[in-house]
Amino acid sequence: MLLGKITIFLKYIFCLVWLVIAGYPFIFVFNTSLKERREFFTTSVWSSPESWQFQNYIEAVKAGFLRYFLNTGFVTFSAVILIVIIAAMASYVITRIEFKYSNLVFLIFVAGMMIPIHSTLIPVYRVTRTIGLYNTLTGLIGPYVAFGLPISVFILTGFMRDIPPQMEEAAIIDGASKFQIFTKIIFPLSRPAIFTVAIYNLVIFWNEFVYALILISSPGKWNITLGLWNFQGRYGTNIPMVMTGVIISAVPVIILYLFFQDQVIRGMTAGALKE
Amino acid sequence: MEKINSDKKRIINNILKSNGFFAFLFLLPAFFFFTLYLLAPIPLSGYYSLLRWSGVGEGVFIGLNNWSRLIRDSTFWLAVGNNFKLVFLSLLIQLPTALFLAVVLTSKIKLDKFFKTVYFFPMLLSTVAIGVIWGYIYNPNVGLLNNFLEAVGLEHLILDWLGSRRYAIYSTIVAICWRFVPFHMILYIAGIVGIPEQLYEAAEIDGANAWVSFRHITLPQLKTVIKNSVVLSIVGSLKIFAEIFVMTGGGPNHASEVMATYMYTTSFDSYRMGYGSTIAVSLFLIAFSVSLIFLYLTRKKQ
Amino acid sequence: MNKKIFIVSLILMFIFMFSLVEVEAFSLFDLFRRTETITLWDIRTPEDPARAAVEDAIARFEEDHDNIEIEHVPIQNDDYKTRLSVAAAADDEPDIFMTWGGGGLKNYVDEGMVYDITAYLEEDNWRDNFLDAAMNNSTFEGKTYGVPVTNVAPAVIWYREDMFAEYDLTPPETYEELLEIIEVFKENDIVPFTLANQNRWPGSMYYMYFVDRLAGPEVYRAAVSPDMAGSFTDEPFIEAGQMIRDLVEMDAFPAGLNAMNEDDGDSRTMLYTKDAGMYLMGSWAYSTIGMEDEITQEQLNFFPFPSIEGADGTTSGIVGTVGDNFYSVAEKCENKEMAVEFLRYLTDEKAKQELLAVGNIPPISGVADDLDDPMLQSIFRVVEEAESSQLWYDQDLPPEIAQVHLNQLQGLFGGDVTPEEKAQAMADAIEDYYAD
C-alpha cells in the first residue's frame, strides 16, 4: 500500500516538473505578448508586464492576422483530410493486400521520408508554376500532402500491421469486398493512429513555412508563419508582436489537439476488439 | 465469337477483382502526389551534384568533383558527426521520456487532459518562437538557465550555452529533444490505448505490480510502435533543420552545423547550388541506409 | 447516416473556405482586363517603413501608364535571397528585382540574368541624380545593372551622451583615445562595446574598419581582384584580426557575444539598461533605437570610427553603404523599356521625400538640403566628408567567399580561429573561386 502511494506521489511530482518544463516557455511567450516593444527592451525579459496590455493583439488583428488565419486554416484543413484518407488507403494496401510489390511500395514511402525539404524547392516551384497554381493557396495543398505522406504511411502501416486478421476473416466470410473491409473494419480500427497522424500533420502544416515562402507572392495570401516573419526585420525585431502572433496562432491548434486526443482515447473501445 | 467475348469479360473481371488492380487503385492517389512533388528531387539533385552551379543560368558539368570535395570537407563531416550525436542523444533522452509520459498519462491520473495539453505545447509552437524562447533561456547574460544556476549556487556551471564552440550543439540538442518529446508521446499514447484492457486486468488478478505489467504487457505490446518511433527519431534527427537554424544558424563558425543547415547555407547563402545538392544527396543516402539497416535488423522473424 | 452528414459538411466547409481565400485567383475579371503586368520583388513588407515610398511610386506609375500593372511581391528580408534564388534556378525570375549590389548582384550579372541599363543612365543625365559612390556597387566593368534606392548608411560608433557625461568622456579622435575610454568603462563595470555576433555581420564591422584605418581601401581591392595583386594574408588583414583578438581579450565586448542576436536586439538592450557604453552599428540604428526606446534615442549621439595614429590607412573613410537595395531589370523582362521607366519613378523627387519622411536617406545627389533631422544631417556629413567608402565585405565579396569571411570572423571573436588562420582561409577561398 505504502509503496503504491509513493509511486503515485512520484508520478504527480514528475508530472508537475514536466508541466513546468513544457509549459513555462508558453507562459513566457504570453507574458511577452502583453508587453510594449519599449518595455520588452528596457526591462528584464523575464519580468511580468507592467500592466496587461492587449494592444498587441489588436494590432495583430489590424495587421491582417485574421486573414492569415483563414488562409492557413484552409490549407491545413484540406491537406490534413486528404492526407488521412490517402495515407490510410495506401497503408491498407501495403499491410492487408497481398501483391507482388508491397515491399517495394513500402520502401518507396520510407525513402520519401529521407528527402530533405530544401532539395525539393526548385522542382516544386517549377511544377506549381507549370500547372498554374502559383500564388494560390490550393497550390500549397499538393506539396503538403506529398511531404506529409511518407511519414503518415509509415505510422499507419506500423499500426495496421498489428491489427489481428480474425476481424477481417469474419468479414470476408460474410462476403465483404476489399473496399468494405477498408471502410468498415480497418479504417475504424486504426482510429488512434489516424488521429495521431492527423494531429501530427495539423501541427506541421499549421506552422509550415518554406513552401508558403516560395509558392505564395501576395501578402493577402500569406499564411501565419509568413505573417509572423513580417515582424522580423533585418535591423530589429518586434518581439512582443511576434509572440502575440505565436499565441494567436497556437489557440486553434490547442483546441483541435484536445478534440483529436479525445478521439484517440475513444479508440480504446475499438482496441478492445483486437483480442 | 461469343466464347471469346465471355472469356474477355472473365479476364477483365478477374483483373478488376485481382489484388494487384485493387492495390493499384488504392495507391493511385498517394502516388499521384508522390510523383508530382516528391519524386523529382532525387534524380534532379543527383544531376545538380555533378555541376558547378550558382543557381542561375547553366551550370558547368564537373563530374565527381563535388563528391571528392565533399569527402575532404571537414565541415561536412563535422555536420555528420553532429547529426549522429543528435541521433544517439534523442534515442537516449527523447524516447524514454516520451514513453514514461505516455504511460503516466494513460494510467489512472487526475488532470490527465490538462497535462496532456500542456505537454504538447513545445511541439505546437512555431519555430519562430522556438528561436526566441531558447535564445533567452540560453542567453549568456540575461538567460534563464544561467540565472537559475547562479541562484542555486552553481556559478561554476555557468556557460555561454549557444555561443561556445564546444557546447553549442549539445544545447541545441536539449532544445530539440524538448520539442519532439510530445510527438513521440502521442505516438505511444495511441499505441497504449490500443492495448486490450483485459491483459492488464488479468495481470492485476495475478497480483502483478505496475512495473511488472509495464515490463510484461505494455513494452511487448508496444514493440511495433517503439520500433517505428525509433525510426522516426533517427530520420528526424538526421534531417533536422529548423530548430538548429533558428537557434544558432549552425554557428558559431559551423560548430553546431548539421547536414541540412550546411546544405541550406551552401545552396542559398553561398550560392553553390551544385555542392548544396551533393550534400542533399548524401543526407538522403545516409538517412536511408541507416533506416534500412535498422529496419532490417529489427524485422519480424517469421 | 451520421457519417454522410459528416462527409457533406466537410465538403461544404472546403467549398466555403475555398471561396473565401481563392476568390481573387479565379476572378473572371482578370480575363477581360487587357493589362500588361510587370512583377517586382523586393523586401518592402508591410512592416518596412520604406514600403510607402515604393507603393507610392507604383501608384504614380500605374496612374501614368494605363495599360501596365506592377505586381509588387514583398518578401521578408531574411528569406528574400532564398526566394530569389529558387526562382532564378527555375528560370523564372521576376521582371524587376532587388539586390544589395556588390557580389550578390554580380553573381546574377555574370550569368546574363540582368539587363544593362547604362544607356538609360547616360541618356538624360539620369546618372547625375545619384551619388557617385552609390553607383559603384552596381557597376561592373563599366556597365551599370541597377539603381540604388534606399539607405545611405555608414557604420559609426553610437554612444549615450548621459553616460559619456557621467564618466567625463569625450568622443575620441584616435584609436588610442578610444582604448582609454574602454578602460574607463571597464573600471566602472560597464561593457565598453555591446555586440551581438550570432548574425556574424555585426562583428565584421570592426574588422573592416581596422583594415581601412590600417591600410586604406586599396588593400581590400587588391586582395579580391582576379589577378590577385594582393592577398588576404597581407599584413593589414592579419593585424586587423589581431586587434579584434586584443579587444576580445581586454573584455571590450560582452561575454557570449556569439550567442547574442542582433535582430532580436540583444545588443541594443545593453545600451538601454546602461550595461554597455558604445555600439558600432550602421546609421539605421538611430531609427531602430527610436522605435525600441525613445529615452535612449534622446541621449544618442555618435562619432566616426577613430583613426589609428601612424597607420597608412584613412582617417575619415567610411565602411557601410552609400545606397543599397539596388533595383535591377531582368534580361528576361518583356517590356524592359517600361521596367526601366518605373525605376525612374522609384528614384525621383517624390520617392526621395517619401523615404526621408521615414528617416531613410536615399542616395540621391543634393539630398543634404532636404534633411531636417540634425542627426540625419550629421550622418550625411560623415558620408560627404569621407575620403573613401568601403561596402560591407559580405555584400561586396562573391557570396561563397562572403560566407567564409563571416564564419571565420565569428570564430576569431570566439577564440577558436587565429588571425593567421582566418587570413589563410580567405586566401584559399579566393584561390578556389578563381580556379574554376
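Our focus in this paragraph is unusual backbone geometry. In this structure, the amide linkage connecting G251(B) to the following residue, P252(B), adopts the cis form with an omega of -5°. The topology assignment puts P252(B) in the loop between α13 (242-247) and α14 (259-268). For R200(C), which is not glycine, the phi torsion reads 75° and is therefore positive. Along the chain, R200(C) falls in the loop between β7 (191-193) and α10 (201-215). Classification of R200(C) by C-beta neighbours within 10 Å gives buried; the count is 23.

Here the focus is the interface of chain B and chain A. Many authors give the size of an interface as the accessible area that is lost as the parts come together. If you look at the interface, chain B gives 71 residues, while chain A gives 82 residues. Among the elements that make up the side of chain B that touches chain A, the one with the highest residue count is helix α2 (residues 19-39) of chain B (13 residues). In terms of residue class, the side of chain B that touches chain A is made up of 55 nonpolar, 13 polar and three charged.

Once that is clear, we can look at helix α9 (residues 175-187) of chain C. Residues and elements named next belong to chain C. Between its first and last C-alpha atoms α9 spans 19 Å; for 13 residues at 1.5 Å apiece the expected length is 18 Å, and the two agree. Tucked inside the fold, the buried residues of α9 contact β7 and β8 (276-282). The first or second residue beyond α9 is D189, which carries a positive phi of 60°.

We now examine the packing of helix α12 (residues 223-239) of chain B against helix α15 (residues 273-297) of chain B. All names here are of chain B. The contact between α12 and α15 brings their axes to 10 Å, and the two run at 165°. Classed by the angle they form, the pair α12 and α15 counts as roughly antiparallel. Crossing geometry of α12 relative to α15 is assigned as right-handed. Residues V230, V231, I234, V235, L238 and K239 of α12 touch α15, and the partners they reach there are L283, I286, A287, V290, S291, F294 and L295. Looking at the contact of α12 with α15 residue by residue, the class counts come to 11 nonpolar, one polar and one charged.

Residue and element names in this part refer to chain C. Along strand β10 (residues 318-329), 12 of the 12 residues are buried, which leaves the element largely enclosed by surrounding structure. Relative to β10, strand β3 (residues 96-99) runs antiparallel, the two sharing four bridges. Considered in β10, the bridge of F97 is made with S328. Judged from the six bridges that link them, strand β6 (residues 147-160) and β10 form a sheet pairing that is antiparallel.

For the rest of this paragraph, the subject is the domain arrangement of chain C. All names here are of chain C. Each assigned domain of chain C is listed here: domain 1 (35-152 + 321-385) and domain 2 (154-320 + 391-435). One C-alpha centre belongs to domain 1, the other to domain 2; they are set 28 Å apart. Contacts between domain 1 and domain 2 engage 14 residues on the former and 16 residues on the latter. Broken down by secondary-structure element, the contributors of at least two residues to the side of domain 1 that touches domain 2 are α5 (102-110) and α18 (374-385). When residues in the side of domain 1 that touches domain 2 are grouped by element, the largest group, five residues, is from α18. Of the residues belonging to the side of domain 1 that touches domain 2, the class tally is five nonpolar, eight polar and one charged.

Scoring rules and cut-offs
- Residues numbered from 1 in each chain as written.
- Chains lettered and ligands numbered in written order.
- Predicted model: local features only at pLDDT ≥ 70, side-chain atom pairs only at ≥ 80, totals over all residues.
- Helix = DSSP H or I, 4+ residues; strand = E, 2+ residues; numbered from the N terminus.
- Buried ≥ 20, exposed ≤ 12 C-beta atoms within 10 Å, placed from the backbone.
- Contact = placed C-beta atoms within 7 Å.
- Nonpolar A, V, L, I, M, F, W, Y, C, P; charged D, E, K, R; others polar.
- Expected span 1.5 Å × (residues − 1).
- Axes fitted to C-alpha atoms, helices over the stretch in contact; angles between N-to-C directions.
- Parallel < 35°, antiparallel > 145°, perpendicular 65-115°, else oblique.
- Left-handed = near helix turned anticlockwise from the far one by under 90°.
- Pairing = 2+ DSSP bridges.
- Domains from an automatic or database assignment.

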